[in-house]
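Structural overview
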Amino acid sequence: MSTPAAEERDPGLQPERTRLAWRRTTLSGTVCAVLAVKTALHGGPSASGVVACALACMLWLGFLLLAHRRIRALAAADAPAPIAPRHATAAVVCTVAMAACGAALVL
């Protein structure tokens, strides 16, 4: 049963700010994926560099899918449902693994 305070809640610009944060994070991931490709191909491709680059690109695509899904959910409703824990966990795993791939490419 919902309380009257919950029904009258005005989210203000919070959903808009959250949507923009997802877009910024997606843009940052895109820059990381492009830099991973550039780093992997600089000075001739190596087998480990290509594997790390391919993995970083797959992780970027996974994050892009999760972010797009969340952005659509935020835009579809005035009071969007909270993000599912498995989606939040997947986004964190994609981000951390992409950082690890970047570190492997640099080292």
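For the structure, check the block above.
Here's a quick rundown of the structure.

1. Details of the pattern of salt bridges
Oppositely charged side chains may form a pair once their charged atoms are brought near each other. Inspection of the entire model under this criterion finds one salt bridge. The salt bridge partner of Arg19 is Glu16, with a shortest N-O separation of 2.7 Å. Separated by three residues within a single helix, Arg19 and Glu16 lie in helix α2 (residues 14-41), roughly one turn from each other. When its relative accessible area of 19% is taken as the criterion, Arg19 is described as buried. Residue classification places Glu16 among the partly exposed residues on the basis of a relative accessible area of 34%.

2. A closer look at helix α3 (residues 47-76)
Under the 1.5 Å per step criterion, the end-to-end length of α3 is 44 Å for 30 residues, consistent within 8% with the ideal 44 Å. For α3, the full list of buried residues reads Gly49, Ala52, Cys53, Ala56, Leu59, Phe63, Leu66, Ala67, Arg70, Ile71 and Leu74. Where α3 is buried, its residues touch α2 and α4 (85-106).

3. Observations regarding the packing of α2 against α4
Where α2 contacts α4, the two axes come as close as 10 Å, and the packing angle between them is 25°. Judged by the inter-axis angle, α2 sits roughly parallel to α4. In this structure, α2 meets α4 at a crossing whose hand is left-handed. Taking contact as the criterion, the partners of Trp22, Gly29, Ala36, Thr39 and Ala40 in α2 are, on α4, Ala91, Met98 and Leu105. Of the residues belonging to the contact of α2 with α4, the class tally is six nonpolar, two polar and no charged.

4. Topic: the nonpolar core
Most often, soluble globular proteins keep nonpolar side chains buried together rather than apart. Counting residues in hydrophobic clusters, the biggest one holds 17 residues, and the most contacted among them are Trp22, Ala56, Leu59, Phe63, Ala91 and Leu105. Among the elements of the structure, α2, α3 and α4 are those that each provide at least two residues to this core. With nine residues, the top contributor of residues to this core is α3.

5. Examining the packing of α2 against α3
Contact pair α2 / α3: the axes reach a minimum separation of 9 Å and the direction vectors enclose 165°. Classified by the angle their axes make, α2 and α3 are roughly antiparallel. Of the two possible hands of crossing, α2 and α3 adopt the one that is left-handed. Of the residues belonging to the contact of α2 with α3, the class tally is 15 nonpolar, six polar and three charged.

6. Remarks on α2
Under the 1.5 Å per step criterion, the end-to-end length of α2 is 41 Å for 28 residues, consistent within 8% with the ideal 40 Å. Inspection of α2 places Pro15, Arg19, Trp22, Thr26, Gly29, Ala33, Ala36 and Ala40 among the buried residues, and these make up the whole buried set. For α2, the secondary structure elements touched by its buried residues are α3 and α4. Once α2 ends, the next one or two residues include Gly43, with phi positive near 75°.

Rules used in this analysis
- Residues numbered from 1 in each chain as written.
- Predicted model: local features only at pLDDT ≥ 70, side-chain atom pairs only at ≥ 80, totals over all residues.
- Heavy atoms only, no water.
- Salt bridge = Lys/Arg side-chain N within 4 Å of Asp/Glu carboxyl O.
- Helix = DSSP H or I, 4+ residues; strand = E, 2+ residues; numbered from the N terminus.
- Buried < 20%, exposed > 50% of the residue type's maximum accessible area, 1.4 Å probe, protein only.
- Expected span 1.5 Å × (residues − 1).
- Contact = heavy atoms within 4.5 Å.
- Axes fitted to C-alpha atoms, helices over the stretch in contact; angles between N-to-C directions.
- Parallel < 35°, antiparallel > 145°, perpendicular 65-115°, else oblique.
- Left-handed = near helix turned anticlockwise from the far one by under 90°.
- Nonpolar A, V, L, I, M, F, W, Y, C, P; charged D, E, K, R; others polar.
- Core = buried A, V, L, I, M, F, W, Y, C linked by side-chain atoms within 4.5 Å.

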